[in-house]
Amino acid sequence: MYPIENASRAIELLDGLWDFKLDHGEALAEHWESRFPDDAEKLYVPASYNDQREDPAYRNHTGKAWYQRFCTIPAFYQGQRLFLRFDAVTHDAVIYLNGKKITEHRGGFLPFEVEITDYVSAGETFRLTVCSDNRIDHSTLPVGNEEGTAFFGSDNAQVPAVQAAKKHRGTVNLPNFDFFNYAGIQRHVRLYTTPMSYIKDITLVPDIRKKASGHDGILHYEIELAGPKCTTRDRIAEPLHQESDIRTEELKLNLCVEILDADGEVVARAVGSRKGTLCIPDAVLWEPYPGTPYLYTVRVRYGKDEYSEKTGIRTVAVEGTRFLINGKPFYFKGFGKHEDFYIHGRGTDDVLNVKDISLLHWIGANSFRTSHYPYAEEMYRLCDEEGIVIIDETPAVGIGAGPHMDPYTFPIKDYHKTVLHDLIQRDKNHPSVIMWSMGNEPDTENFPESAYEYWRELYAFTHKEDPADRPVTFVCCQNDYTRDLVTRTMDVVCINRYYGWYNLSGDLDSAVYAWEQELDFWAAQGKPVMVTEYGCDTLPGFHGSVAEMWTEEFQKEYYRRIDEVFDTRSFFIGEHLWAFADFNTIQGVYRADGNRKGLFTRERRPKLAAHWLKDRWHTIPNFGYKSDGQSTPVQK
Ligand code: E8X
């Protein structure tokens with residue numbers, strides 16, 4: 001659960017300056033976990049380490065990097081449980097307390113925590129050491145490129161970078177994905193407390209029950225408790241209910257679940273059971289902006305512990321070729337995004353999140369995809385409040401190795417399942433999250449049967465894991481869609497297409513033709529289809545009287561022409577442009593200061609096309625754009 005502060009829980013944020021040092025292989029022998037090097041530098045947490053200092057070694061480091069700081073447990077935390085929580089360390093992490101390893105974690109974009117109650121006492125100061133590791137290869141998500149294709153074919157062995165990489169892990173460590181491999185302690189670190197008996201997890205599944213006039217809100221809940229069992233006899237500070245409420249021989253759990261409306265009024269209440277269903281009469285639904293993203297607060301009290309979670313009443317379903325939110329056909333307008341900004345790199349940046357949501361409202365967008373990894377939890381909480389719809393993606397990007405190697409022989413399936421499990425566990429209660437994306441642009445064309453086997457298994461797994469059973473998809477790379485067997489079996493067909501840019505470059509007539517051809521194919525599949533990436537690199541300030549590639553005019557023309565095609569297809573349920581803003585990547589011949597496909601620059605200034613898009617999107621409603629929801633629309 002996301003750490004919160006209230007009358008029963010405290011948080012100490014461990015953000016700030018930490019000691020930092022890159023490891024070039026000496027840390028193990030020198031025992032940095034117990035004796036941090038004297039020449040360590042100071043670095044800010046949370047943020048990627050790469051762009052914080054003018055040293056190419058920071059920027060390009062592959063391998064381990066170490067952090068250390070001292071923390072003091074306030075004496076008045078006496079009698080409480082203590083947890084250390086890392087919102088994300090990229091990609092792998094080992095955590096030491098006073099030189100002793102206390103936990104480790106694999107994967108750079110999801111939280112992990114460890115209870116330290118037995119390791120330290122209230123009033124004590126301890127040394128916290130973190131070893132992060134950003135190496136990527138065929139067994140990691142995102143996937144690293146082990147072939148060294150960026151070098152010189154058969155002469156690779158002589159290339160200094162290949163030799164250096166071989167020393168590390170026996171592989172070349174290049175990203176097989178198009179975003180900079182930012183690393184380190186990129187999200188908050190917190191020490192938090194709970195009472196000895198505490199609320200460990202809350203699962204909320206909303207539903208809507210129609211009645212003669214209007215509807216009631218339904219909330220199924222399940223609470224996981226930990227520590228010694230608290231019963232009504234424990235006589236907590238505030239008795240939650242009368243002894244006379246106890247109807248069975250057994251003492252009831254001292255547990256109370258309440259739903260509060262936005263004014264703080266209790267609208268539903270259940271006592272004594274870990275699992276149940278609550279009804280909110282005439283509930284106000286959560287609707288994407290400019291509808292009202294109404295939030296209820298679920299307050300759980302157990303013994304001396306309390307935890308409040310905001311959630312919304314809304315449903316999500318795929319029916320025929322429509323994507324329904326609260327039973328109404330929704331049209332996705334938005335972007336693929338990145339967590340990416342100057343200096344911070346991929347570090348948690350709440351100001352930037354607020355700004356980005358503000359820009360989404362400004363431009364008339366209603367949604368985005370967390371391409372290509374789970375974002376910081378603060379962003380999802382903000383989207384719940386602001387009515388922005390999220391397609392929540394795992395870091396499974398780059399599963400592919402060219403036509404000669406079946407990537408489904410990579411040792412990643414079990415780990416991929418763990419990531420899906422942890423992602424759902426983290427984000428299951430957010431009304432903003434309406435679909436899971438298991439991954440981005442895997443190879444589904446060269447090894448279509450292997451791809452089918454792999455992704456269908458994960459698809460079934462994801463459905464089973466999500467208590468709310470949201471739609472499940474993955475995002476398909478530009479490919480020969482007639483060979484691809486698995487994309488067509490997803491709940492929503494999500495396609496990334498670059499007609500007019502990477503292929504048919506600059507030729508928008510042909511791009512339109514290719515889109516028409518492809519959409520004829522999809523029309524026959526009977527599935528809702530959306531585009532999850534389409535775009536063109538655009539240099540801000542670069543203009544032309546003729547709309548040619550890289551000019552601002554071309555970007556506008558590209559979207560204008562292609563969107564015209566989308567508007568004629570009733571099964572086409574949404575447009576996510578690539579990308580929201582320009583972002584940093586590894587250097588390369590296709591990348592002038594990163595990927596420039598943003599509709600906004602990296603500093604968040606709109607490019608020309610953004611103004612055009614603003615006009616378009618403000619005239620497209622969230623609901624009923626392609627159909628009124630009553631009848632099956634005519635397909636072109
Ligand atoms: C691009 C995008 C990239 O940034 C994103 O992370 C994934 C890419 C296009 C693949 N999709 O390059 O701007 C295009 C394949 C074309 C054959």
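Once a new chain begins, its residue numbering starts again from 1 and follows that chain's sequence as written. A pLDDT threshold of at least 70 governs which residues receive local features in this predicted model, and a stricter bar of 80 or more applies before side-chain atom pairs are shown or counted, although totals over entire chains, interfaces and linings include all residues. The side-chain figures draw on all heavy atoms in the structure; neither hydrogens nor water molecules are used.

Peer 1: How should empty space enclosed by the protein be read in this particular structure?
Peer 2: Using a probe with the size of a water molecule, rolled over the atoms, empty space left in the structure can be pinpointed. With a 1 Å grid laid over protein atoms only, a set of points is called a cavity when a 1.4 Å probe fits there but cannot get out and a pocket when it is open yet has protein on both sides within 12 Å along at least five of seven lines; lining residues have an atom within 4 Å of a point. Grid points are joined across faces, edges and corners, and a volume is the space filled by probe spheres set on the points. For the structure shown, the criterion picks out 5 cavities of 30 Å³ or more. In this structure, the largest cavity spans a volume of roughly 110 Å³. Considering the residues around the largest cavity, the lining is formed by 17 residues, among which Glu339, Gly347, Asp349, Leu352 and Asn353 are closest to the centre. We count a stretch as a helix when DSSP gives it H or I for four or more residues in a row; a strand needs E for two or more, and each element gets its number in order from the N terminus. Of the residues forming the lining of the largest cavity, the biggest block, 3 residues, is contributed by helix α4 (residues 350–363). Under the scheme applied, nonpolar residues are Ala, Val, Leu, Ile, Met, Phe, Trp, Tyr, Cys and Pro; charged residues are Asp, Glu, Lys and Arg; polar residues are all the others, including Gly. Tallied by class, residues from the lining of the largest cavity come to 5 nonpolar, 6 polar and 6 charged.

Peer 1: Can you help me understand the packing of α4 against helix α10 (residues 608–618) in this one?
Peer 2: The geometry of a pair of packed helices is captured by two quantities: the angle between their axes and the separation between those axes. Only the stretch in contact is used when a helix axis is fitted, and all axes are lines through C-alpha atoms; the angle between N-to-C directions ranges over 0 to 180 degrees. Orientation of α4 relative to α10, taken along the N-to-C sense of each, is 65°, at an axis distance of 8 Å. Comparing the axis directions of α4 and α10 gives the class roughly perpendicular. In this structure, α4 contributes His361, Trp362 and Ile363 to the contact, and α10 contributes Ala610, His611, Leu613, Lys614, Trp617 and His618. The class makeup of the residues in the contact of α4 with α10 is 5 nonpolar, 3 polar and 1 charged. Here is the rule for angles: anything less than 35 degrees is roughly parallel, anything more than 145 is roughly antiparallel, 65 through 115 is roughly perpendicular, and the remaining ranges are oblique. Contacts are residue-level and defined by heavy atoms, with any inter-residue pair within 4.5 Å sufficient.

Peer 1: When you look at the packing of helix α8 (residues 508–523) against helix α9 (residues 552–566) in this model, what are you seeing that I'm missing?
Peer 2: Orientation of α8 relative to α9, taken along the N-to-C sense of each, is 30°, at an axis distance of 10 Å. If you check the angle between α8 and α9, you find them roughly parallel. Considering how the two elements wind past one another, α8 and α9 form a crossing that is right-handed. Mapping the contact onto sequence places Leu508, Asp509, Val512, Trp515, Glu516 and Leu519 in α8 and Phe554, Glu557, Tyr558, Arg561, Ile562, Val565 and Phe566 in α9. In the contact of α8 with α9, the residues fall into 9 nonpolar, no polar and 4 charged. Take the far helix as the reference: if the near one is turned anticlockwise from it by less than a right angle, the crossing is left-handed, and if turned clockwise, right-handed.

Peer 1: Is there a simple way to think about helix α7 (residues 448–465) in this case?
Peer 2: Helical geometry note: an α-helix holds 3.6 residues per turn, so side chains three or four residues apart project in the same direction. By definition here, a helix of n residues has an expected span of 1.5 Å times n minus one. Helix length check: α7 (18 residues) gives 25 Å between terminal C-alpha atoms against 26 Å at 1.5 Å per residue, within 8%. Any residue under 20% of the maximum accessible area for its type is buried, any over 50% is exposed, and the rest in between are partly exposed; the area is computed with a 1.4 Å probe on protein chains only. Among the residues making up α7, those that are buried are Pro448, Ala451, Tyr454, Trp455, Leu458, Tyr459, Phe461, Thr462 and His463. Against the buried residues of α7 lie α6 (413–427), β28 (433–440) and β29 (472–476).

Peer 1: In this structure, what is going on with the pairing of β29? I would like to understand it.
Peer 2: Within β29, 5 of the 5 residues are buried, which leaves it mostly tucked inside the rest of the structure. The crossover handedness rule: strands pointing away from the viewer, path from first strand over the helix to second strand clockwise, crossover right-handed. One crossover worth recording links β28 to the parallel β29 by way of α7, and it is right-handed.

Peer 1: Help me out: how do you make sense of the sheet that holds strand β5 (residues 81–86) in this one?
Peer 2: Strand pairing in a sheet relies on backbone hydrogen bonds, with the paired strands running either antiparallel or parallel. The strand order across the open sheet built from 4 strands is β1-β14-β5-β9, with neighbouring strands paired in antiparallel fashion. What marks the edges here is a single partner per strand, and that holds for β1 (11–13) and β9 (112–115). The mean angle between the axes of side-by-side strands here comes to 20°, regardless of whether they run parallel or antiparallel. As paired elements, β1 and strand β14 (residues 189–194) share 3 bridges and run antiparallel to each other. Across the sheet, glutamate 12 pairs through a bridge with leucine 191, a residue of β14. Here, a strand pair is defined by DSSP locating no fewer than two bridges between the strands.

Peer 1: What exactly am I supposed to notice about unusual backbone geometry here?
Peer 2: If a residue is not glycine, its phi is most likely negative; likewise, a peptide bond is most likely trans. With an omega of 10°, the peptide bond running from tyrosine 289 to proline 290 counts as cis. Within the secondary structure, proline 290 sits in the loop between β19 (275–280) and β20 (296–302). We note that asparagine 98 has phi near 50°; this positive angle belongs to a residue other than glycine. By the element assignment, asparagine 98 lies in the loop between β7 (92–97) and β8 (100–105). Here asparagine 98 falls in the partly exposed class, since its relative accessible area comes to 39%.

Peer 1: Is there a simple way to think about the side chain of aspartate 406 in this case?
Peer 2: Along the chain, the position of aspartate 406 falls in the loop between β27 (389–393) and α6. It is arginine 483 that comes nearest to the buried, bridge-free aspartate 406 among opposite-charge side chains, at 11 Å. Two N or O atoms count as a polar contact when they lie within 3.5 Å, although within protein this holds only if one can serve as hydrogen donor and the other as acceptor, and sequence-adjacent residues are included solely when both atoms are side-chain atoms. A polar contact of 2.7 Å, which involves the side chain of aspartate 406, links it to the side chain of serine 450. Non-local contacts of aspartate 406, meaning those with residues more than four positions away in its chain, are made with Phe447 and Ser450. When charges are tallied, Lys and Arg are placed among the positive residues and Asp and Glu among the negative ones, while His and the ends of the chain are skipped. Salt bridges are counted wherever a side-chain nitrogen of Lys or Arg sits within 4 Å of a carboxyl oxygen of Asp or Glu.

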